[in-house]
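Here is what each chain is made of, one letter per residue.
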Amino acid sequence: MPLNDCRIIELPKITDPRGNLTFVEGGNHVPFDFRRAYYLYDVPGGSDRGAHAHRNLHQFVIAMSGSFDVVLDDGHDRRRFHMNRSYYGLYVCPMMWRTLDNFSSGAVCLVLASEHYDPADYIRDHDEFLRLAGQRRQAVE
Ligand code: TYD
């Protein structure tokens, strides 16, 4: 899938003097149903996370608190997204090499994922990723 399919999605925000509320519905606000949520927290300053791709997994990344950057690379193009609002999420489609960095102190990164955890879905070798991404690109061209 090309990098252009990955995008920032603005979620509903119910503003209220008692505190704001945002919600997200699978298949409605994000273009897949989710079966898993996980979150990154207590990330030490200067740490990077990610540095892998997924063969089939769809993900949606939200900065619940604080800020961080997500760098997406489809093997051809690269984009950096700065995440710093709890009502914005980044849709990450399959076959994207992703790195998360630039975490602020106290940042919490929530990820909604289309499937349960499956180590076989990971591509952790960057050369293998480039080879597979190139094959997919040729197949659709
Ligand atoms: P990993 O996905 O490599 O983390 P990141 O991309 O954020 O750097 O996962 C780190 C470890 O956590 C790895 O040993 C697998 C485990 N893990 C699970 O057991 N279940 C999960 O849902 C996730 C996301 C990771």
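These numbers come from a predicted model, not from an experiment.

Participant: Can you walk me through the UniProt feature "domain: Sugar 3,4-ketoisomerase QdtA cupin" (unreviewed entry) in the protein chain in this structure?
Facilitator: Following the UniProt record, the feature "domain: Sugar 3,4-ketoisomerase QdtA cupin" (unreviewed entry) maps to residues 5-132 here. Structurally, residues 5-132 comprises 5% helix and 44% strand, and the distance from its first C-alpha atom to its last is 18 Å.

Participant: Which parts of the structure should I look at to understand the packing of aromatic side chains?
Facilitator: Two measures describe an aromatic ring pair: the distance that separates the ring centres and the angle between the ring planes. For the structure on display, the rule yields seven aromatic pairs. By way of ring pairs, the aromatic residues Phe 32, Phe 34 and Tyr 91 are connected into one cluster.

Participant: In this structure, what is going on with the pairing of strand S6 (residues 59-65)? I would like to understand it.
Facilitator: A regular strand places its side chains on the two faces of the sheet in alternate fashion. With five of its seven residues buried, S6 lies for the most part within the structure. When S6 meets strand S11 (residues 108-113), the two strands line up antiparallel, connected through six bridges. By the bridge assignment for S11, Ser 65 is matched with Val 108.

Participant: Quick question: what am I supposed to make of the sheet that holds strand S12 (residues 122-123) here?
Facilitator: The strands that make up a sheet are held in pairs by hydrogen bonds between backbone atoms, and each pair lies either parallel or antiparallel. Taken in spatial order, the five strands make up an open sheet running S8-S7-S10-S5-S12, and their pairing is antiparallel. This sheet does not close on itself; its edge strands, each paired only once, are strand S8 (78-83) and S12. Of the strand pairs in this sheet, strand S5 (residues 49-54) and strand S10 (residues 97-101) are connected by three bridges, and their pairing is antiparallel. Residue pairing for S10: His 52 is matched across the bridge by Arg 98.

Calculation notes
- Residues numbered from 1 in each chain as written.
- Predicted model: local features only at pLDDT ≥ 70, side-chain atom pairs only at ≥ 80, totals over all residues.
- Heavy atoms only, no water.
- UniProt positions renumbered as here; feature names shortened; annotations may be inferred.
- Helix = DSSP H or I, 4+ residues; strand = E, 2+ residues; numbered from the N terminus.
- Phe/Tyr/Trp six-rings, centres within 6.5 Å; stacked < 30°, edge-to-face > 60°.
- Buried < 20%, exposed > 50% of the residue type's maximum accessible area, 1.4 Å probe, protein only.
- Pairing = 2+ DSSP bridges.

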